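Structural overview for review
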Amino acid sequence: MTSSNIDFVYQDRIFEIKNPDPNEILLNYIRTKLKKIGSKNGCSEGGCGACTVVLGEIKNNEINYKAINSCITFLPTLQGKQLILVEDLISKNGSLHPVQQAMVNYHGSQCGICTPGFVMSLFSMFKKKSKFKDDEIRDSISGNLCRCTGYQPIIKAAKSLKNKNKIDHFTKNKKNIINLLKKINNKSVVIYNKGKKYFAPQYVHELKKILKKNIDANFLSGGTDLSLTVTKERKDIHSIIYMNSISELNYIKNNNKYIEVGASTPLIELESYIKKYYPDFTKILRRYGSPQIRNVATVAGNIATASPIGDCLPLLLSLNAQVVLQDLKKNRILFLDDFFISYRKTKLKKGQFISSIRIPILKGNILKSYKVSKRFDDDISSVCAAFNLEIVKNKFHSVTIAYGGMAAIPKRAIHCEKILSNSLVTDEIIHKAKKALERDFKPINDMRASGSYRMNIAKNLLEKCCAEIKQKKLIGIYF
Ligand SMILES: Cc1cc2nc3c(=O)[nH]c(=O)nc-3n(C[C@H](O)[C@H](O)[C@H](O)COP(=O)(O)OP(=O)(O)OC[C@H]3O[C@@H](n4cnc5c(N)ncnc54)[C@H](O)[C@@H]3O)c2cc1C
Ligand code: FES
Ligand code: FES
């Protein structure tokens, strides 16, 4: 079924929006059309969390609750989902939700501008997690900034939730919401509005048909990059194909040789899946944006953006990952190393899309990775490094190293790799390998770091990696 209308569940009923503007931002709709002004606009770029709302989606006959940044979400992507706002947390008899009550009890709010966002992030944690461990609490609010209360009262409020009864009015009403969601979640969307087009196909074969007639359309996955064209650059996007409605592309598979990640799989799912294979991959993903970002952003989006500081990219390059491209007729598989051409340019051709990413499973190897940024959480890397090492009889056998933030594209350190491969880890070898990085990279100065600082970091991370290997502390340490 295809429709130009958007259906979503809000407050126990189905809402319909007729032919919305494809570029309309969800936060704008919430504040100006739904007239709910609890969600705030702090930055319009996903950085402060003041606009956080929660979406409910059916997964295995349950509702999966996800905190998202409504300031960088296109309204039409609401199709088939439940929208939960801070206004909806209070129950019909007027009692506060346990999360709200905890914030009151622990004085978690002063000026209040950030409070709705914090409440919604904690609400999402309350619905998803059972133990509320310290690191889960910190992670759940890592995408929310507060400039006057400070974080301790908010963290204390979150900790107090451990002992709360988890049966809230959302749990009691779950069956009803699932029934409503089932009624609306099986349609493709095609919108033509004021010269703008929006397509949300449900299947790859539909996507290909749309692509045939709309070769210049912009693919939209999580939108954590693309939406900023509208919210920050104030430009219109005239043609959008939404990829995350295609459930066929939302998967993680494993055939013992490689892990295959479908293009519309959110990073949050990869973060937990890949931990048992590559713990450092998970550690880097944990510092990737915030849960609001990782709940929607995809590896495919990260690869297609081709940003020199894309955090998945050094990891994927060092693991010799492959990217599976599809066009109307055929599939093409490229090593990621051959995919990036120059600053934000890739081998992706018009009419071609990324359908999956293959990450080799290298059982005997050690993957170590480090991200250096000004702030621990929700910050872009100054330098990100990934070292994939095979150690045989106390020697580095094969070595694959990649860095982000050191060149116009995320890039392998070929000269450095050559020095280390088939070598014992001696101080002299490490010194030579560090020196070789100067041949591999000529990093630039920008607002995040100077070129010389970047080079120093790159060398120090290499030394740190080798030191940890030598001491057999095979777990990455972050700073
Ligand atoms: C607050 C904030 C924090 C962030 N933090 C980080 C961070 O810590 N590390 C980091 O690396 N990045 C970060 N980013 C950048 C962004 O989240 C990533 O680049 C993300 O991976 C993009 O994925 P997406 O699914 O949201 O892509 P989208 O925004 O949907 O798309 C990005 C680009 O990829 C194209 N595209 C998307 N899917 C496909 C496909 N299947 N085939 C072909 N082309 C496609 C789109 O057309 C677009 O050009 C952050 C962004 C924000 C707003
Ligand atoms: S308004 Fe700052 S994250 Fe949305
Ligand atoms: S209470 Fe004022 S910014 Fe958080």
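Only a predicted model underlies this, so the values are computations on that prediction, with no experimental measurement involved.

The rules behind the values
Residues numbered from 1 in each chain as written. Chains lettered and ligands numbered in written order. Predicted model: local features only at pLDDT ≥ 70, side-chain atom pairs only at ≥ 80, totals over all residues. Core = buried A, V, L, I, M, F, W, Y, C linked by C-beta atoms within 7 Å. Buried ≥ 20, exposed ≤ 12 C-beta atoms within 10 Å, placed from the backbone. Helix = DSSP H or I, 4+ residues; strand = E, 2+ residues; numbered from the N terminus. Contact = placed C-beta atoms within 7 Å. Domains from an automatic or database assignment. Nonpolar A, V, L, I, M, F, W, Y, C, P; charged D, E, K, R; others polar. Near = placed C-beta within 6 Å. Arc of directions from axis to C-beta. Axes fitted to C-alpha atoms, helices over the stretch in contact; angles between N-to-C directions. Parallel < 35°, antiparallel > 145°, perpendicular 65-115°, else oblique. Left-handed = near helix turned anticlockwise from the far one by under 90°. Pairing = 2+ DSSP bridges. pLDDT = per-residue confidence, 0-100.

**Thoughts on the nonpolar core**
Within the largest apolar cluster, 129 residues are counted, with the highest numbers of intra-cluster contacts made by I241, L316 and A458. It is helix 3 (residues 115–128) that contributes the most residues to this core, 7 residues altogether. When neighbours within four sequence positions are excluded, A458 is seen to be in contact with V383, A385, Y403, M406, L437 and F441.

**Notes on the domain arrangement of the protein chain**
For the protein chain, the assigned domains read domain 1 (2–87 + 174–242), domain 2 (98–167), domain 3 (250–360) and domain 4 (383–470). Taking only C-alpha atoms, the centre of domain 1 and the centre of domain 3 are 23 Å apart. Residue-level contacts link 18 residues of domain 1 with 19 residues of domain 3. Looking at the side of domain 1 that touches domain 3, the elements that each hand over two or more residues are strand 5 (62–69) and helix 8 (204–213). Broken down by element, the side of domain 1 that touches domain 3 gets its largest block of residues, 4 residues, from strand 5. Tallied by class, residues from the side of domain 1 that touches domain 3 come to 5 nonpolar, 8 polar and 5 charged.

**Some details on the environment of K133**
With respect to the helices and strands, the residue K133 is situated in the loop between helix 3 and helix 4 (134–140). Residues K133 and Q11, spaced 122 residues apart in sequence, show a C-alpha to C-alpha distance of 30 Å.

**Some thoughts on the site of ligand 1**
Residues in contact with ligand 1 amount to 33 residues; listed here are only the nearest, S221, G222, G301, N302 and A304. When residues of the shell around ligand 1 are assigned to their parent elements, the largest contribution, 5 residues, is made by helix 13 (residues 299–305). In the shell around ligand 1, the residues fall into 15 nonpolar, 14 polar and 4 charged.

**Focus on helix 11 (residues 279–286)**
Residues of helix 11 that are buried: D280, F281, I284 and L285. When helix 11 is viewed along its axis, its buried side chains cluster within an angular range of 145° and face the same direction. Contacts from the buried residues of helix 11 go to helix 10 (267–273), helix 12 (291–294), helix 14 (312–318) and strand 18 (366–372).

**Some details on the packing of helix 16 (residues 427–440) against helix 17 (residues 451–470)**
Closest axis-to-axis distance for the helix 16/helix 17 pair is 10 Å, and the angle between their directions is 150°. The pairing of helix 16 with helix 17 is recorded here as roughly antiparallel in orientation. The two elements helix 16 and helix 17 cross, and the hand of that crossing is right-handed. Where helix 16 abuts helix 17, its residues I430, A433, K434, L437 and E438 lie against M455, A458, K459, L462, E463 and C466. Of the residues contributing to the contact of helix 16 with helix 17, the split by class is 7 nonpolar, no polar and 4 charged.

**What to know about the sheet that holds strand 13 (residues 322–326)**
On the basis of which strands lie adjacent, the open sheet formed by 5 strands has the order 11-12-17-13-14 and antiparallel pairing. Across the chains shown, the open sheet's two edge strands, defined by having one partner strand only, are strand 11 (252–254) and strand 14 (331–335). Strand after strand, the sheet turns through a mean of 25° between neighbouring axes, direction not considered. Relative to strand 17 (residues 353–360), strand 12 (residues 258–262) runs antiparallel, the two sharing 5 bridges. In the sheet register, Y258 faces strand 17, and the bridge partner there is P360.

**Brief notes about unusual backbone geometry**
A positive phi is found at Q11, a non-glycine position, where the angle reads about 45°. When you line up the elements, Q11 lands in the loop between strand 2 (5–10) and strand 3 (13–18). Even without glycine at this site, N60 takes up a positive phi of about 50°. Tracing the backbone shows N60 in the loop between strand 4 (52–59) and strand 5.

**Observations regarding the confidence of the model for the protein chain**
Per-residue confidence for the protein chain gives a mean pLDDT of 95, with 99% of residues at or over 70. In the model, residues 475–479 has pLDDT below 50 throughout and makes 9 contacts with residues more than four positions away in sequence or in other chains.

**Points about the sheet that holds strand 9 (residues 218–220)**
A sheet is described by the order of its strands in space; here 5 strands give the open sequence 1-7-8-10-9, paired in mixed fashion. Each end of this open sheet is capped by a strand with a single partner; those strands are strand 1 (2–3) and strand 9. Where strand 1 meets strand 7 (residues 188–193), 2 bridges bridge the pair, whose relative direction is parallel. Of the residues in strand 7, the one forming a bridge with S3 is V189.

**Overview of the environment of K197**
By the element assignment, K197 lies in strand 8 (residues 196–200). Once the C-alpha coordinates of K197 and G42 are considered, the two residues, 155 residues apart in sequence, prove to be 28 Å apart. Among residues more than four places away in sequence, those in contact with K197 are P22, I191, Y192, N214, H238 and S239.

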